[in-house]
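# Structural overview
Residue-level listing of the chains:
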Amino acid sequence: MIISANSFSLDNPAHIASDIHVSALGFESRCLSLISKEAILAHEHLFLKFPTSDLFSYAENEVLANSTARPIFIDFPSSNFLSDLNTYLGNSDIKTVSIDISSMNRTMIAAVISSLARTTAKDKVTIIYVPAKYEKPVFDFSEIVAAGPVLPEFSGFDDESDLPGSVLMGLGFEYGVALGLINLIEPQNAICMYAEGHDTRYENSVKKANLEFRFPGTNASAIAYDLYNPALTYQYVSSTIRNLQPKYRVSLIPMGPKILSCLFTLASIDFFGKVTLWRVVRNPTARNSEEDGNAIALEIDTVRLASKAKLFAGLFSSA
Amino acid sequence: MTNGLFESFNARPVEPELVGKSFVYNSIFRKLTHNNNSIVIGPRGSGKTTYFKMLTLPALLSWKNPQRNKIISTIDYTAVYVPTDFSWFPDFRHPVGLELDPQLDNILSYARFRNGVLRRIISALDSASNTHLPAKSVMRKFQVDISASAMKELAESIARGWGIEPHFDGLGGIIEALNQRNRVIQRLLASAYYDPEKVSAKIADQSFLQDRIFDDLTSFADAFERTTNTSRQWAMCFDEVEIAPNSIKREIWASLRSFDQRFLVKLSASPYDDSLWSDSQPHQAMKGNDYEEIWTTLERKDVEDFSLKILAGICSDLKIPPQRRSALLGSSYYDDDFSISLSRINAGQTKNDRPASALTKNKTGFYYEKFSALERKDASFAKFLQRTKIDPDNFTDLTGNRRAFIRKFISSVVIRDAYLRERGKSRLPQLKSKKAIDRFFTGQKTIFTICEGNPRWLLVVLRPMLEAYVHSNVRRTETIPRELQAKSLEDGVSTLLSILSTISPDAKSGSKGPTLLEIIERTGDFFFEEVLGDTFVPEPILSFEVDADIDDRTLSYIGAALNQGAFMVVPNSRNPRTTEINNKRSLVGQRLRLSYYLAPRYRLPLVLGRSKKLSTILANKKNSSATEEQIMLDLFGDFE
């Protein structure tokens, strides 16, 4: 699903050209850093707009968004969010798309990628992620408010419900959440993935928040992935799902860096209907995320992506 | 594919054959085997799934126990094990933030549930017809002994009754058709969010989506009787009913009132389930009349025996020879004779102490040592001894009543002596962090008591400890080092608290108030003050009564804590444990205590103690200072 991946410095950015650039509009200061650093050359800008807020950089981001070429805004959440997204991304005149997932939430990431898979084929799709600068975690409980499939098409509707569950999960530095989820779902086994290669302070925080990766009382194991090598990580995710599938119902639970959410979403498209892509809702304390000066870009295999369109059509015609 | 019970912390993925091979028999299972409807109630990890799987034919076949034949001979039914699929749970099935028409949702989720049950019936029938048992076997009665043509006829008859059209003969054809149906239902569920009208129209065309499971069961029993000319009783064993959608849950509970005499219903559930309350009252099955209620909590006298068997099972897995097992964990302060010396434990001496000292041994006995030591360092205790005319120098001539009186508070004396520093200095020298668990709580009897016979807790604490021991350089003749035992307990407690920190209250119960972990922390801290506060309290408050002043949000948290085993119901004659704890308000009036599993964190004796109103405990200013940040720092440590 991934043709190539590379990273670049925002001080000397690659110039990514597209017909439409999709990004979130929220309060994080890294939210539009690709635009402010002039890394994006797009004819149109589609902003997935979080509710107006006076937090952190929201106001500046809004000003910047309004100054871009032909800005379009879709409110999130809203009842027409998914249909509007399909309308804009399904436009057959749009051949190239760039997507900044850095400040999107997991529903947005899944919705954008799902929309691209089910609508008109594109010539080029580039996904960009700007890692956040490390900040010490906030010391609060991470109560799980809700957990479930991120969107209906990612609900694993074609899986074998008699098989035991297996979970592939991203780890963040939210205290105890991974263990809480494993306790909630009780899968037969869980593979917990944590990011390396970015900031050792972050890596240590993740380790501490997850009981040093011991997870007593569960059949869980932890494995590292290189944040800056998403192509390799995707290979791992993909081959792990392939190996697990004959024996297990596989659920993907993206936590931690958004790049893993993106990879999990791509894998859910690749194994359409056979795996469940989850979203976990908590009530975390709002915190700013500043860009750390680098970005990672992935070029997606659009032919493969487009080949999944008929599966979407099949799902919806089955109704 | 799956490991045995002693390797897996959860019986859910373990195949019934393996469950049978490593099953540890106890009185709870004995009750469950009775030929009646029953409800097994217990928190997470208390063995409900294991008990239910043990009723199945493959598990009973692989079970090795001297009592096996006697027990099996009393079972008059064929069990159908029905695990509850987590994807039936509404909160997990619905895409987050999207709403589905409730009627549509009910029809489709019920259809999934029904399909799942039907598959399990076929699976049980398949198992009974493919197992060949000698004529003299006590299990012979379970075998469905019919010819291939009769089986084909039976499968056709079942399929007709269930309204399915298999593409090939036999039970395999039914399974394939049910799988196909399941996919249709799952696809309809996924599509329903985007095009509910179209899905509604489709549902109207599919008659199987309207059928009820208990009609299917009757039709199955009819088909079986017609084809085999025999009558048989079946037990539908619904596991983990609490995670099923409400409409299904209520139907299962209602079935306990008996819907067809050829079926028994057995179900397992959490101690607290708020969703059952609203409309189950008029038709609610009655305990005693309609079903037997079985709690998974072992009687205290049975805890040690059960725990020893779990320990033996793990040891056997890890190739630790039987003769080594009895000394592995060593003596503990909680042994009845309190024979072990505090100084020896704290000095790291781990060999078994000789049980010698007793109350009657003047000036050399354990009681004398503890009472004298505490009297020296604790003025309040010295006053208490004076007031009650107890003289540690003169323990030899005590009457029976007097001994009984002293025994009431010996655990408070022991724990206070262990943690109070000499008078004049600050208290609690060892308490660098609550997380750090002291050697005081190590040793076989203490660890067994702490785990309360909960198999998952025993596995969480014992297995990593024994693995580390096996792979360490410790001489095999020695007891497992106390530090290792303490670390294992520490990990177990941290794990439970981590899980509790992620539990949210009912959405309807408000958003303001302490979190579950704060409630537990305040309660534990209150008890801590009772035991180790300024004044010696012979019988400290170590339990609480849920009173009418507790708000809904806190009640919802307490229910969740009961389901996780963090709080335990205290049974007594006035207020027995009961399935009536199925809504927030029925929690009011219940007496609960902190699980002994959490006792090491708050340095509490492993006794019940007196009780106080929970609202008073939570309002206590003295112990309400622990912030989320402090608790998190204590559990996980600082980050830099």
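Worth saying up front: this structure is predicted, and the values here are computed from it rather than measured. (Residues numbered from 1 in each chain as written. Chains lettered and ligands numbered in written order. Predicted model: local features only at pLDDT ≥ 70, side-chain atom pairs only at ≥ 80, totals over all residues. Heavy atoms only, no water.)

Tallying the contact residues gives 64 residues for chain B and 62 residues for chain A. Between chain B and chain A, the buried area comes to about 5,500 Å², and carbon and sulfur atoms account for 55% of it. Where chain B touches chain A, the interface holds 7 salt bridges. Here A:Glu186 makes a salt bridge to B:Arg44, at a shortest N to O gap of 3.5 Å. (Contact = heavy atoms within 4.5 Å. Buried area = accessible area lost by both parts, 1.4 Å probe. Salt bridge = Lys/Arg side-chain N within 4 Å of Asp/Glu carboxyl O.)

Before going further, it helps to examine unusual backbone geometry. Working note: non-glycine residues mostly have negative phi, and peptide bonds are mostly trans. Geometrically, the link from A:Phe76 to A:Pro77 is a cis peptide bond, its omega value of -5 degrees lying close to zero. With respect to the helices and strands, A:Pro77 occurs in the loop between strand E4 (71–75) and helix H3 (81–89). In this model, B:Glu240 sits at a positive phi of 50 degrees, which is unusual for a non-glycine residue. Counting through the fold element by element, B:Glu240 comes out in the loop between strand E3 (233–238) and helix H12 (246–255). Not every positive phi belongs to a glycine, and B:Arg603 is a case in point at roughly 55 degrees. (Helix = DSSP H or I, 4+ residues; strand = E, 2+ residues; numbered from the N terminus.)

Turning next to the packing of helix H13 (residues 300–317) of chain B against helix H19 (residues 444–451) of chain B. All names here are of chain B. Remark: H13 packs on H19, axes separated minimally by 9 Å, with the N-to-C direction vectors making an angle of 105 degrees. The angle between H13 and H19 places the two elements in the roughly perpendicular class. On the side of H13, the interface is formed by Arg300, Val303, Glu304, Ser307, Leu308 and Leu311, while H19 contributes Gln444, Lys445, Phe448 and Thr449. Tallied by class, residues from the contact of H13 with H19 come to 4 nonpolar, 3 polar and 3 charged. (Axes fitted to C-alpha atoms, helices over the stretch in contact; angles between N-to-C directions. Parallel < 35°, antiparallel > 145°, perpendicular 65-115°, else oblique. Nonpolar A, V, L, I, M, F, W, Y, C, P; charged D, E, K, R; others polar.)

Centre-to-centre distance and the angle between the planes together describe a pair of aromatic rings. Taken as a whole and judged by the stated rule, the model has 33 aromatic pairs over all chains. Look at B:Phe384 and B:Phe409: their rings are 5.0 Å apart centre to centre, the planes differ by 90 degrees, and that puts the pair in the edge-to-face class. Remark: B:Phe409 occurs in helix H18 (residues 400–419) and B:Phe384 occurs in helix H17 (residues 379–387); sequence separation between them is 25 residues. When its relative accessible area of 4% is taken as the criterion, B:Phe384 is described as buried. Here B:Phe544 and B:Phe567 contribute two aromatic rings whose centre-to-centre distance is 5.1 Å and whose plane-to-plane angle is 80 degrees, an arrangement assigned as edge-to-face. Here B:Phe567 lies in strand E7 (residues 567–569) and B:Phe544 lies in strand E6 (residues 541–545), a separation of 23 residues in the sequence. B:Phe567 matches B:Phe544 in its accessibility class, with the two residues each being buried. Over the ring of B:Tyr194 we find A:Arg118, and its NZ or CZ is 5.2 Å from the ring centre. Residue placement shows B:Arg212 over the ring face of B:Tyr110; its charged tip is 3.8 Å from the ring centre. (Phe/Tyr/Trp six-rings, centres within 6.5 Å; stacked < 30°, edge-to-face > 60°. Buried < 20%, exposed > 50% of the residue type's maximum accessible area, 1.4 Å probe, protein only. Lys NZ or Arg CZ within 6 Å of the ring centre and 35° of its normal.)

A separate point is the sheet that holds strand E5 (residues 292–295) of chain B. All names here are of chain B. Ordered by their spatial adjacency, 5 strands build an open sheet running E2-E3-E4-E1-E5, and the pairing between neighbours is parallel. The strands lining the two open edges of the sheet, one partner per strand, are strand E2 (77–82) and E5. Averaged over all pairs of adjacent strands, the angle between strand axes in this sheet comes to 20 degrees, irrespective of strand direction. Bridging between strand E1 (residues 38–41) and strand E4 (residues 263–269) involves 4 bridges; their strand directions are parallel. Paired with Ser38 across the two strands is Lys266, which belongs to E4. Packed onto the sheet, helix H11 (residues 213–228) meets E3 and E4 and runs at close to 140 degrees relative to E4. Contacting E1, E3 and E4, H12 runs over the sheet at an angle of about 130 degrees to E4. (Pairing = 2+ DSSP bridges.)

Residue and element names in this part refer to chain A. Among the 5 residues that make up strand E5 (residues 96–100), 5 are buried, leaving the element largely enclosed by the rest of the structure. Side chains Thr96, Ser98 and Asp100 of E5 all project onto a buried face; the interleaved residues Val97 and Ile99 project onto the opposite face, where all are buried too. Bridge count for strand E2 (residues 16–25) against E5 is 4 bridges, and the pairing is parallel. Within the sheet, the bridge partner assigned to His21 lies in E5 and is Ser98. Summarising the sheet, E5 and strand E6 (residues 124–129) pair through 5 bridges and their orientation is parallel. Within the sheet, the bridge partner assigned to Ile99 lies in E6 and is Ile127.

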